[in-house]
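Chains, contacts and geometry: an overview
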Amino acid sequence: MGECDFDKYAGGAIHWMGRSRNPKKQALAFDARYRQSVSRLERALGAVREPSILDLGCGDGALFYYLRKKFPGAHLGGIDGSADGIKVAGAALKAHGVHNVELAHLDFNDLETVTERYDAVTCLDVIEHMSDMEGFLAKIHTLVKEGGSLVISTPVRLLESPNDKDHERELFQHEFRGLVEGAGFEVKEQVEITPVYE
């Protein structure tokens, strides 16, 4: 459940391609996923005007662009198990004019060292990389303020074995819901989006 052991950021800030104006460099799936996640987060936060939001598994930081646009006064923080991801995130955020985001490289086994609690935690397409999904979700639960929200996503399981070599496990919808509820969260909305593999 700890350090990322794959070289996802060797090519740079890959998730920022959703914002590219060059059609050859666009990754519209990233853009759509981030917009949907921020929309769900906006509904979940309701009247909270300047929320504290942690993006767990923030990678190259692309989600912060969308969060900052929607929540200009938010306290934004990001944690990733990849030092390269955090380095790329810092550079990409600066290049795109996204300021006041606290980034930290932290092994996910050490999440209990995080003392701050957040109005919302986002965790997009991370859990499938964790060997101990239950333990990971239990740690996430401690990061969310009482009455706070979690927006979490994972690719929908299509086959008996993971379709992506970097995934520890992929889940059917009912399995995912059971894990999230088992960690103490109340599921308010669950949406299935079929993954796209290249």
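Details of the structure are given in the entry above.
Please read these numbers as outputs of a predicted model, since none were measured by experiment. (Residues numbered from 1 in each chain as written. Predicted model: local features only at pLDDT ≥ 70, side-chain atom pairs only at ≥ 80, totals over all residues. Heavy atoms only, no water.)

1. Re unusual backbone geometry
At Asn100, a residue that is not glycine, the phi angle is positive and equals roughly 60°. Locating Asn100 in the fold gives a position in the loop between α3 (83-95) and β3 (101-105). Residue classification places Asn100 among the exposed positions, given a relative accessible area of 70%. Despite not being glycine, Asp125 has its phi angle at roughly 55°, a positive value. Within the secondary structure, Asp125 sits in the loop between β4 (118-124) and α4 (133-143). A relative accessible area of 19% means that Asp125 is categorised as buried. (Helix = DSSP H or I, 4+ residues; strand = E, 2+ residues; numbered from the N terminus. Buried < 20%, exposed > 50% of the residue type's maximum accessible area, 1.4 Å probe, protein only.)

2. Some thoughts on the pattern of salt bridges
On inspection of all chains with the given rule, the structure shows four salt bridges. In this structure, Glu181 engages Arg177 in a salt bridge whose closest nitrogen and oxygen atoms are separated by 3.1 Å. Separated by four residues within a single helix, Glu181 and Arg177 lie in helix α5 (residues 173-182), roughly one turn from each other. (Salt bridge = Lys/Arg side-chain N within 4 Å of Asp/Glu carboxyl O.)

3. Structural notes on the sheet that holds strand β5 (residues 144-153)
A sheet is described by the order of its strands in space; here five strands give the open sequence β3-β2-β1-β4-β5, paired in parallel fashion. Looking at strand neighbours, the two that pair on one side only are β3 and β5, the edges of this open sheet. With direction set aside, neighbouring strand axes in the sheet form an average angle of 20°. Summarising the sheet, strand β1 (residues 52-56) and β4 pair through three bridges and their orientation is parallel. Residue pairing for β4: Leu54 is matched across the bridge by Val121. Along the sheet face, α3 touches β2 (75-80) and β3 and points at about 160° away from the line of β3. Along the sheet, α4 contacts β1, β4 and β5; its crossing angle with β5, the most-contacted strand, is approximately 135°. (Pairing = 2+ DSSP bridges. Axes fitted to C-alpha atoms, helices over the stretch in contact; angles between N-to-C directions. Contact = heavy atoms within 4.5 Å.)

4. Notes on the pairing of β5
Relative to β5, β4 is paired through six bridges, and the arrangement is parallel. By the bridge assignment for β5, Leu124 is matched with Ser153. Regarding topology, α4 serves as the crossover connection from β4 to the parallel β5, and that connection is right-handed. (Right-handed = clockwise from strand over helix to strand, strands pointing away.)

5. Let's talk about the side chain of Asp55
Mapped onto the secondary structure, Asp55 falls in strand β1. Filtering out sequence-adjacent residues up to four positions away, Asp55 remains in contact with Leu63, Phe64, Gly77, Gly78, Ile79, Thr122 and Cys123.

6. Describing the packing of aromatic side chains
Under the definition given, this model contains three aromatic pairs. Here the aromatic rings of Tyr65 and Tyr66 are separated by 5.2 Å at their centres, their planes lie at 90°, and the arrangement is edge-to-face. Each member of the pair, Tyr65 as well as Tyr66, is classed as buried. Joined through ring pairs, the aromatic side chains of Tyr34, Tyr65 and Tyr66 make up one cluster. (Phe/Tyr/Trp six-rings, centres within 6.5 Å; stacked < 30°, edge-to-face > 60°.)

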